[in-house]
Amino acid sequence: MRVSQVDDVLAALADPMRRRVLDLVAAKGPVSASTLAGELPVSRQAIVKHLAVLERAGLVASERAGRENNFSVRSSALDATATWMSSLASQWDRRLAAIKKIAEA
């Protein structure tokens, strides 16, 4: 995964409303912005903007259904970001284990 992709995912998830939108899309399956707006305390236009950020980050995908776009979760970008974070955590665990070993010696 490219660093810019990780940056895009983390930036998209930094906003609490976008996390709520993503949670709702995940819970409801393919869903329109209008449906989401009915369940959140923001306008449909705000939901559309949040979905655009999530789509650019690769977290959701849209599919045209008549006059509306339905959004569904794409897990690949989130999985890749989680893998990157896990790798980073492993590096820190190794470093801390080395420091502990030196301190105990």
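Structure: above.
Source: prediction; values computed, not measured.

Colleague: Explanation requested: the nonpolar core in the structure shown.
Modeller: One broad rule of soluble globular proteins: the nonpolar side chains tend to lie buried together. One finds Val21, Val25, Leu36, Ile47, Leu51, Leu54 and Leu59 to be the most contacted residues of the largest nonpolar core, which totals 21 residues. Mapped onto this core, the elements with two or more residues apiece are α1 (3-13), α2 (16-28), α3 (33-37) and α4 (44-56). For this core, the element with the most residues is α2, which contributes 5 residues. Setting aside anything within four residues of it in sequence, one finds Leu59 in contact with Val9, Ala12, Leu13, Leu22, Leu54, Ser72, Val73, Arg74, Ala77 and Leu78.

Colleague: For this particular structure, what's the right way to read the sheet that holds strand β2 (residues 60-65)?
Modeller: Neighbouring strands of a sheet are bound in pairs by backbone hydrogen bonds; such pairs are parallel or else antiparallel. If you trace the 3 strands from one edge of the open sheet to the other, you get β1-β3-β2, paired in antiparallel fashion. Sheet topology places β1 (31-32) and β2 at the edges, where each strand pairs with a single neighbour. As judged from the 6 bridges shared by β2 and strand β3 (residues 68-73), these two strands associate in the antiparallel manner. From the neighbouring strand, Arg64 faces β3, where its bridge partner is Asn69. Against the sheet, α2 touches β1, β2 and β3, its axis set at about 90° to β3. Packing against the sheet, α4 makes contact with β2 and β3, and its axis sits at approximately 120° to β2.

The rules behind the values
Residues numbered from 1 in each chain as written. Predicted model: local features only at pLDDT ≥ 70, side-chain atom pairs only at ≥ 80, totals over all residues. Heavy atoms only, no water. Core = buried A, V, L, I, M, F, W, Y, C linked by side-chain atoms within 4.5 Å. Buried < 20%, exposed > 50% of the residue type's maximum accessible area, 1.4 Å probe, protein only. Helix = DSSP H or I, 4+ residues; strand = E, 2+ residues; numbered from the N terminus. Contact = heavy atoms within 4.5 Å. Pairing = 2+ DSSP bridges. Axes fitted to C-alpha atoms, helices over the stretch in contact; angles between N-to-C directions.

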